[in-house]
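# Structural features, examined
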Amino acid sequence: QQQEAGYILEHEKDIAVNEPGPHKGGGNSTAHKFFKAAATSKLQFTKRVLHPGAAIGYHLQKEEEIYYIASGTGKMTINGHPFPVKTGDAIYTFPGNSHGLKQTGEEDLMVIINYGK
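Residues numbered from 1 in each chain as written. Predicted model: local features only at pLDDT ≥ 70, side-chain atom pairs only at ≥ 80, totals over all residues. Heavy atoms only, no water.

## Quick word on the nonpolar core
The criterion, for reference: Buried Ala, Val, Leu, Ile, Met, Phe, Trp, Tyr and Cys residues that are joined via side-chain atoms within 4.5 Å together make up what is termed a nonpolar core. Under the scheme applied here, a residue whose accessible area is under 20% of the maximum for its type counts as buried, over 50% as exposed, and between as partly exposed, the area being computed with a 1.4 Å probe on protein chains only. Only DSSP runs of H or I with at least four residues qualify as helices, and only runs of E with at least two residues qualify as strands; both kinds are numbered from the N terminus onward. Working rule for contacts: check all heavy atoms of both residues, and any pair within 4.5 Å makes them a contact.
Counting residues in hydrophobic clusters, the biggest one holds 13 residues, and the most contacted among them are Tyr67, Ile69, Met76, Ile91, Leu101 and Val111. At the level of elements, strand S5 (65-71), strand S6 (73-78) and strand S10 (109-116) are the ones that each hand at least two residues to this core. Every residue in contact with valine 111, bar those within four places of it in the chain, is listed here: Thr46, Lys47, Arg48, Tyr67, Tyr68, Ile69 and Leu101.

## A short note on the pattern of salt bridges
A pair can form between side chains of opposite charge whenever their charged atoms are brought close. Just so we agree on the cut-off: Salt bridge criterion: a side-chain nitrogen from Lys or Arg within 4 Å of a carboxyl oxygen from Asp or Glu.
For the coordinates displayed, the defined rule picks out 5 salt bridges. One salt bridge in this structure joins lysine 86 and aspartate 89, with 3.9 Å as the shortest N-O distance. Judged by its relative accessible area of 22%, aspartate 89 is partly exposed. Residues joined in a network through salt bridges with shared partners are Glu19, Lys33 and Arg48.

## Thoughts on the sheet that holds strand S4 (residues 55-61)
Convention followed: The pairing criterion is simple: DSSP has to find at least two bridges between the two strands. Throughout, an axis means a line fitted to C-alpha atoms (over the contacting stretch in the case of helices), and angles, computed between N-to-C directions, take values from 0 to 180 degrees.
Spatial ordering of the open sheet is given by S4-S9-S6-S7, a layout of 4 strands whose pairing is antiparallel. At either margin of the open sheet sits one strand with a lone partner, and together these are S4 and strand S7 (81-86). Shown here is a sheet whose adjacent strand axes are inclined to one another by a mean of 20°, direction ignored.

## Some details on the packing of aromatic side chains
Inclusion rule: Here a pair means two rings of Phe, Tyr or Trp (six-membered ring of Trp) with centres within 6.5 Å. Their orientation is stacked below 30 degrees between planes, edge-to-face above 60, and tilted elsewhere.
Scanning the model with the defined rule gives 3 aromatic pairs in all. Aromatic side chains phenylalanine 34 and phenylalanine 35 sit 5.8 Å apart centroid to centroid with 40° between the ring planes, which places their arrangement in the tilted category. Both rings, one in phenylalanine 34 and one in phenylalanine 45, keep their centres 5.7 Å apart while their planes meet at 50°; by these two values the pair is tilted. Of the two residues, phenylalanine 34 is situated in strand S2 (residues 28-34) and phenylalanine 45 in strand S3 (residues 43-50); the sequence distance between them amounts to 11 residues. Residue classification places phenylalanine 34 among the buried positions, given a relative accessible area of 12%. The partly exposed category is assigned to phenylalanine 45, whose relative accessible area is 35%.

Written out as structure tokens, the structure is:
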């Protein structure tokens, strides 16, 4: 119905999935993978909450990707170089580079991720 009207509206509470940190990162995370119904879209928009001790495992990124740290603290590693990230930071990763992200601190690390599919 919404697609026929030219938009899709989703509520994160309806799509939340508890799963391990992606790319064999370990720990517990909650994923909100928005707009799966937009099958022809070339974008992926995800809110990922990394709970204490969780991570997005180190992996090769084949397409450009943006991470926005909505809350919490973490350690990002890109091409073997680690650096701290915190609320309000945005990280753009170029295609063909490897990266991972680990939650640090006591609170959840909430990340908004956007990349091409």
